[in-house]
Amino acid sequence: MMSAENRTFENVKAVILSAHKNTTSSNKITFYDNWAENYDQDVAILDFRAPSLAVKSIDSHFAGDREAAVVLDVACGTGQVAKLMKRHGFRHFVGIDGSRGMMELAKKTELYQDLKQCMLGEEPLPVQWGSFDVVMITGALSMGQVPVGVVRELCKATKPGGYICMTTRSNYDNLEYKAALECELKRMEEEGLWVCVDKTEVEDWEKAVSEKEEGYISGCLYVYKTLAP
Ligand SMILES: C[S@@+](CC[C@H](N)C(=O)[O-])C[C@H]1O[C@@H](n2cnc3c(N)ncnc32)[C@H](O)[C@@H]1O
């Protein structure tokens, strides 16, 4: 891959469109392993706002002791969420991701007390249930990445009264996934597992890369609060 300083929007577009060819989960993870080195630079070019919007929302909802709170960063990638949360007073992070390449960069941030490799949807979430104050998942709940059913595991991993913050894309190729996700979120609310405390549709989520779209694509942010069993 080209060195990070020379990256352009056209390079980023080509990388992301190439990901659409990765139909199997192992192909997808190889894609992220190869993208890891340029990921931070490329998502800045893309103006990818999911991590900052998610952290802003958690910052406004979380009223507990931030220094003591334990955060599970699911599909942590290179560690963008933990870096932003640290600025808001959070100190303890556990990261999970399928890509060793991405996690190598997360490890370099020195923010994670533990990093676990796991293919979500294929392997169970490798954590103890009910042990996290906040669970974050940004940029990974979408078609071809983390299956919708994993949100139940995210809820189980959270302490009663804890928060789960999730994001997904609202553009045309993710609409079916988004509808299935919202169905599951609602079903879990009806089962008394959690309540929705924030749902925000955002128009300028990230720059569009497909030929069918221009400008920015939209996305959605959800925050749920778990209820005592
Ligand atoms: C777009 S990146 C988002 C990274 C980070 N959360 C952020 O917002 O910058 C998506 C991440 O999800 C991970 N991922 C995608 N599908 C996964 C799966 N099924 N299991 C585990 N990790 C997965 C990728 O390896 C990648 O690091």
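Summarised in this report is the structure supplied together with it. Being a predicted model, the structure only gives us computed values, none of them experimental.

About the criteria used
By convention here, each chain's residues receive numbers from 1 onward along its written sequence. At least 70 in pLDDT is required for a residue's local features to be given in this predicted model, at least 80 for side-chain atom pairs to be given and counted, and no such filter applies to totals for whole chains, interfaces and linings, which use all residues. Any residue qualifies as near a molecule or strand once its backbone-derived C-beta atom lies within 6 Å of it. Counting from the N terminus, the helices are the DSSP runs of H or I reaching at least four residues and the strands are the DSSP runs of E reaching at least two. Just so you know the grouping, Ala, Val, Leu, Ile, Met, Phe, Trp, Tyr, Cys and Pro go in nonpolar, Asp, Glu, Lys and Arg go in charged, and all remaining residues, Gly too, go in polar. Note on definitions: a nonpolar core is a set of buried residues drawn from Ala, Val, Leu, Ile, Met, Phe, Trp, Tyr and Cys, linked by C-beta atoms within 7 Å. In this scheme every C-beta is placed from the backbone, and a residue whose C-beta has 20 or more other C-beta atoms within 10 Å is buried, one with 12 or fewer is exposed, and one in between is partly exposed. For the domains described, the bounds stem from an automatic or database domain assignment. Note on contacts: each residue gets a C-beta atom placed from the backbone, and two residues are in contact if those atoms are within 7 Å. The criterion for strand pairing is that DSSP finds at least two bridges linking the strands in question. A clockwise course of the path from the first strand over the helix to the second, judged with the strands pointing away from the viewer, identifies a crossover as right-handed.

1. Focus: the site of the ligand
Lining the immediate surroundings of the ligand are 23 residues, of which Ala 75, Gly 77, Gly 98, Ser 99 and Gly 139 lie closest. Top element by residues in the shell around the ligand is helix α2 (residues 25-45). It accounts for four residues. Partitioned by chemical class, the residues of the shell around the ligand number 12 nonpolar, nine polar and two charged.

2. Some details on the nonpolar core
Core analysis: the biggest nonpolar cluster contains 60 residues, and Val 71, Val 74, Val 134, Val 135, Met 136, Ile 137 and Leu 154 have the highest contact counts within it. It is strand β7 (residues 216-226) that contributes the most residues to this core, six residues altogether. The two domains that each donate at least three residues to this core are domain 1 (4-46) and domain 2 (50-226). Beyond its immediate chain neighbours, meaning those up to four positions away, Met 136 contacts Ala 54, Val 71, Asp 73, Val 74, Val 81 and Cys 165.

3. Notes on the environment of Val 197
Topologically, Val 197 is positioned in strand β6 (residues 194-207). In this view, Val 197 contacts His 61, Val 223, Tyr 224 and Lys 225; residues no more than four positions away in its chain are not counted.

4. So, the pairing of strand β1 (residues 70-74)
Buried residues dominate β1, accounting for four of its five residues. By the bridge criterion, five bridges tie β1 to strand β2 (residues 92-97) in an arrangement that is parallel. When the sheet's bridge partners are listed, Leu 72 is paired in β2 with Val 94. Taking the sense of rotation as the criterion, the β-α-β connection linking β1, helix α4 (residues 80-87) and β2 turns out right-handed.

Bear in mind that shape data such as this cannot, by itself, settle questions of function.
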